[in-house]
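Here is how the chains run, residue by residue.
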Amino acid sequence: MVQYIGEPLIKQTGPEGTVWSNRIATAFPVAGVIVTTPGIHATQRQAYTDQLDQNRRAQAMPLLSHAQRMDIWLEAVDLLVEGENILIRPDPDRMDLAFKADELLQDLAPRQRIRFLFARNAKVRDAINRRGEAWRIQPLPRSKEEMRRLIVNSPVAVRGRPIYYYCAVHGTRILTYAQFNGLGVMSDDDLRLHLGEIAALGRGRNVRGWPEMALFMTGETLAADQLLPREVASLDVTAMRQCYVDACRRFAEAVPLDYQHDDVDNPIWRNPMYRALIAQGDDTLVDEDLLGLSDEYSMQIHWLPGARMEEEELIVDMTPTDDPAVDAIVHELICNLTREYNGIEFINMGKVVRSMSRRGSSSGRREVFVAHFRPRGASSDELHVIRFHKWGVRERLDEGKHMLRAMLESEEYTDYILDRRLACRQLGMNLAGRVWTRKIQERYDGSNRAHHGATIWSPYVQRDYIPGIASDKAPRARLRDPDYAAQLATALGRAAAANIIVGRADLHEQVVFDDGDEILVEDAQGGIADVVVADPTGSFTRFRQPLVEDAAAYAAPVND
């Protein structure tokens, strides 16, 4: 049972969502206590030890020594509330405390609503991955609307109004000119409260060593501790007001005009605020490059419940997501992996939410998953890409075919994919080193009513992840380097030679090249060592015509 100092963390849960008592809270998981009193994490730690001293005083016991207080404070875990989620900000050296806090919070909210920050820290990342819980790392927004929502939901208060945009990564409160300038309409007492608060925060650092407050877009022109004098709250009303007016003037002079009005719908203001709230992405929330994935995968993977091994028993995380069909697929993929390896320490599964290719959408299945796992006894992790076949039993049944014909054509298509890969390799195409073809069991629920509810087998191809960057996403800055540009043109030329021979094209006979399948593999010096084709989709569609007819299509990527 959770004990509180302050109001319960969750006031109520209703049809309009969860109502929280405070955006900031501190958990003492060993004692089973959560502090929600208004303030910052440091003052909530103080409130807990003050409560302990009050109890000790009532029992005629000696008060806590400074050393005892410090030991207790080190047992605390920072909590943040963002939207419907509770975020845990762990100490990388005390992940045991973070996981105890997680257990404590599960008495209040479902696991899918409890997330972890600081995923860029190697200790945090490894501890979470080993539990098969990469899906519980708080993700970065993936769209403009999600970025907007992050900013709109970020304001927090300390003792007064919620005038600060809160960076959950560092625990720093960001004060904009517009919010500061708006304080002038307050009463004298309210203004005194807020100015004193801002002066103190501007000189403070939190328990993790980050500034308690920062000024938005002032650069090096004006620091937070220079905005107001330390004694501003003790000045008489006239002097205090004059001090505030002077601070507004200096704040305005330090902030470019575009950033003097808070406007979440204006990308000029929204984008730098977003970067400030995620600490420029250099500390956590999450990024797919944590696993060595290239930038093209950044914010494109939706991590899902995985699995871990405990005392020779595989513990599969059965936490439901919003999509039962995806839950079922992931469970089957995890089972396949555990059958193929002689023990796996953990498995993290993710679904690619957007196509990495520039090709337009077409019929057939398009699901792509990423599996991150460590075989038992291995010194490093493995990263595989899983792509379901475009035409499986489900798609054949949807065409109105009977079950036997659908199964036979699905098997023929699998053989075709493997034969196509072999032919491409023999004709000089540089392909991914290893592929596996596997199947999962699913229930059919498509348009062929005669087979509704039938068990079907859905095939997929699994391959090693190719470290590198897709050729069509080569960084513009690198292309300005003549040496790099020449290397890229040469590498694309080699890849184009095999591509044009096997006639890769779409169903409209448009050339398929440099659209996301060609991966640039760099050497230790950052030069281009090779081009690997991840998937030879469309091969042998257009190979009978004179090769010169497609020359312009292959020159286009180099010219672009």
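All figures in this text were calculated on a predicted structure; none of them were measured in a lab. (Residues numbered from 1 in each chain as written. Predicted model: local features only at pLDDT ≥ 70, side-chain atom pairs only at ≥ 80, totals over all residues. Heavy atoms only, no water.)

### Here we look at the overall build of the protein chain
The helix and strand inventory of the protein chain stands at 15 helices and 22 strands. Principal axes of the C-alpha set define a box for the protein chain whose edges measure 90 × 55 × 45 Å. Across the 560 residues in the protein chain, those meeting the buried criterion constitute 49%. Within the protein chain, counting contacts between residues at least 6 apart in sequence, those at least 24 apart form 65% of the total. When the accessible surface of the protein chain is totalled, it reaches about 26800 Å², and 51% of it is carbon and sulfur. Separation between the mean location of the 68 positive side-chain charges and that of the 82 negative ones in the protein chain comes to 1 Å. (Helix = DSSP H or I, 4+ residues; strand = E, 2+ residues; numbered from the N terminus. Buried < 20%, exposed > 50% of the residue type's maximum accessible area, 1.4 Å probe, protein only. Contact = heavy atoms within 4.5 Å. Areas by Shrake-Rupley, 256 points an atom, 1.4 Å probe, with all protein chains shown as cover. Lys, Arg positive; Asp, Glu negative; His and termini not counted. Charge placed at Lys NZ, Arg CZ, Asp CG, Glu CD.)

### Some words on the sheet that holds strand S11 (residues 172-175)
The sheet built from four strands is open, its strands ordered S9-S10-S11-S12 with mixed pairing. Looking at strand neighbours, the two that pair on one side only are strand S9 (155-156) and strand S12 (213-215), the edges of this open sheet. Summarising the sheet, strand S10 (residues 164-167) and S11 pair through three bridges and their orientation is antiparallel. Within the sheet, the bridge partner assigned to tyrosine 165 lies in S11 and is isoleucine 174. (Pairing = 2+ DSSP bridges.)

### Digging into the nonpolar core
Leu175, Phe180, Ile198, Leu227 and Leu228 are the most contacted members of the largest nonpolar core, which has 78 residues in total. The contacts of phenylalanine 180, once residues within four sequence positions are left out, are Leu175, Leu195, Ile198, Leu227, Leu228, Tyr244, Ala247, Cys248 and Phe251. Grouped together as the second largest cluster of nonpolar side chains are 19 residues, Ile329, Ile344, Met349 and Ala371 included. (Core = buried A, V, L, I, M, F, W, Y, C linked by side-chain atoms within 4.5 Å.)

### Thoughts on the side chain of arginine 115
Within the fold, arginine 115 resides in strand S8 (residues 114-116). It is aspartate 322 that comes nearest to the buried, bridge-free arginine 115 among opposite-charge side chains, at 7.9 Å. Within polar-contact distance, the side chain of arginine 115 engages the backbone oxygen of glutamine 112 at 3.4 Å. (Salt bridge = Lys/Arg side-chain N within 4 Å of Asp/Glu carboxyl O. Polar contact = N/O pair within 3.5 Å; in protein donor to acceptor, adjacent residues only side chain to side chain.)

### Description of the environment of aspartate 523
Following the sequence through the fold, aspartate 523 ends up in the loop between strand S21 (518-522) and strand S22 (528-533). Given a relative accessible area of 34%, aspartate 523 falls into the partly exposed group. Sequence spacing of aspartate 523 and tryptophan 391 is 132 residues, and the spatial spacing of their C-alpha atoms is 37 Å.

### Some words on helix H12 (residues 403-426)
An α-helix turns once every 3.6 residues. As a result, residues three or four positions apart point the same way. Over its 24 residues, H12 runs 35 Å from end to end, which matches the ideal 34 Å to within 8%, given 1.5 Å per residue. When we look at burial in H12, the residues that qualify are Met403, Ala406, Glu409, Ser410, Tyr413, Thr414, Ile417, Arg420, Arg421 and Cys424. Against helix H11 (393-398), strand S18 (435-443), strand S19 (455-464) and helix H14 (482-502) lie the buried residues of H12. Directly after H12, the chain includes glycine 428, whose backbone phi takes a positive value near 100°. (Expected span 1.5 Å × (residues − 1).)

### A closer look at the sheet that holds strand S17 (residues 382-388)
In spatial order, the strands read S14-S13-S15-S16-S17-S19-S18; together these seven strands make up an open sheet with antiparallel pairing. With one partner strand each, in any of the chains shown, strand S14 (313-316) and S18 form the two edges of the open sheet. In this sheet, adjacent strand axes meet at a mean angle of 25° when their direction is disregarded. Two strands pair when backbone bridges link them, and S18 and S19 are joined in this way by nine bridges, in the antiparallel orientation. When the bridges of S19 are listed, glutamate 442 appears paired with isoleucine 456. Contacts between helix H4 (residues 122-130) and the sheet are confined to strand S13 (301-310), strand S15 (344-352) and strand S16 (368-375), with S15 contributing the most and set at about 95° to the helix. (Axes fitted to C-alpha atoms, helices over the stretch in contact; angles between N-to-C directions.)

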